[in-house]
Amino acid sequence: TIAQTSDNICLSPLYGNNPNSYAVRAAFLSWGYLVRKSISHYLDIDSSELNVGFYIVPQTKKAEIFFVENLENGAGYCNFLSGRRYTNVPREAIIEPLSEGGEIYNQLTSEEHLSGCTSSCYDCIRDYSNQNVHSILDWRLGLDVARLADSKDATIDFSVPYWHDYIFLTIRNMLESNRYTVEEKQGTLIGKDPYGDKFILVHPLWTEKYVEFLIQRIGGEYNPLSVFGISNLKQN
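The structure presented is a predicted model; accordingly, all values stated were derived computationally and were not measured.

Participant: Explanation requested: the packing of aromatic side chains in the structure shown.
Facilitator: Two aromatic rings are characterised by how far apart their centres lie and by the angle between their planes. A full pass over the atoms with the stated rule returns 13 aromatic pairs. Ring centres 5.7 Å apart and planes at 80 degrees place the aromatic pair Phe-28 and Trp-31 in the edge-to-face group. Of this pair, Phe-28 and Trp-31 both sit in helix α1 (residues 21–43), separated by 3 residues, roughly a single helical turn. We classify Phe-28 as buried; its relative accessible area is 1%. An aromatic cluster is defined as three or more aromatic residues linked by ring pairs; in this entry it consists of Phe-158, Trp-163, Tyr-166, Trp-206, Tyr-210 and Phe-213. The ring of Tyr-166 carries Arg-140 above its face, with NZ or CZ at 4.1 Å from the centroid.

What follows is the structure in structure tokens.
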């Protein structure tokens, strides 16, 4: 799980506390499959040896990912990764590969992958075992959570290199092709939808308070439009 975040980030998986709770689940699952990719590389095992799950802790109401070994009697991977005996292993296997400069981070943010994968693909976090969640997997959201695992002060916005061109080129072009008027403001996109209603594009892990702050800085009234919530529009 994520121990701490800044005041601008909301990772609540509960709909009553967070209108973007569905995106939080997607972000954690995406992180889970990125972590599995890192672990598999670190241990030199096939990724199919580990199953990924999502869980809400009843006591804390926090989101978690967990791993289950597929071998009948287990191979001891989870015990090894826990850090109880080898304290360096969790950081080396889980954190560092997904931090800036890490091997998996570099693979994900390579020009080849950036140009060919908008949300998830078989070169990053899709496989046949997770077909039931292909529609919600998003490696960018997963990488955001991975960076928060490294530092609660990690920058989570559209200035981050792997978000920047996707938002200001791909998403902007997609919106304009769907008859939105679009301009760049305060590090995001604002404009009007085809019905004339004003929108502001938001990251689904931002708090409502932070979104309100951005809207106040721009001036006027805008309806938040989550970048995670426009997947259907992207298909038009």
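Still more to cover.
Participant: So what exactly am I meant to see when it comes to helix α6 (residues 139–150) here?
Facilitator: The periodicity of an α-helix, 3.6 residues per turn, causes residues three or four places apart in sequence to face the same way. Taking 1.5 Å of rise per residue, 12 residues should cover 16 Å, and α6 covers 17 Å from first to last C-alpha, within 8% of that figure. Along α6, 10 of the 12 residues are buried, which leaves the element largely enclosed by surrounding structure. Listed as buried for α6 are Trp-139, Arg-140, Leu-141, Gly-142, Leu-143, Asp-144, Val-145, Ala-146, Arg-147 and Leu-148. Packed against the buried residues of α6 are α1, α4 (103–108), α5 (111–116) and α7 (161–177). A side-chain oxygen of the first residue of α6 lies 3.0 Å from the backbone nitrogen of Arg-140; this N-cap is Asp-138.

Conventions and cut-offs
Numbers given to residues run from 1 along each chain, matching the order in which its sequence is written. Restriction of local features to residues with pLDDT of at least 70 applies here, the model being predicted, together with a cutoff of 80 or more for giving and counting side-chain atom pairs; totals for whole chains, interfaces and linings are based on all residues. Water and hydrogen atoms play no part in the side-chain values, which are based on all heavy atoms of the structure. Here a Phe, Tyr or Trp ring, Trp counted by its six-membered ring, pairs with any other such ring whose centre lies within 6.5 Å, and the pair is stacked when the planes are under 30 degrees apart, edge-to-face when over 60, and tilted otherwise. The way it works is that DSSP assigns letters per residue, a run of H or I at least four long becomes a helix, a run of E at least two long becomes a strand, and they are numbered from the N terminus. Relative accessible area decides the class of each residue, using a 1.4 Å probe on protein chains only: under 20% of the type maximum gives buried, over 50% gives exposed, and in between gives partly exposed. Our definition puts a charge over a ring when NZ of Lys or CZ of Arg is within 6 Å of the ring centre and also within 35 degrees of the ring normal. A helix is expected to span 1.5 Å multiplied by its residue count minus one. Contact between two residues is taken to exist if any of their heavy atoms lie within 4.5 Å; hydrogens are not considered. N or O atoms within 3.5 Å of each other form a polar contact, as long as, within protein, one can give a hydrogen and the other can take it, and as long as residues adjacent in sequence are counted only when both atoms are side-chain atoms.

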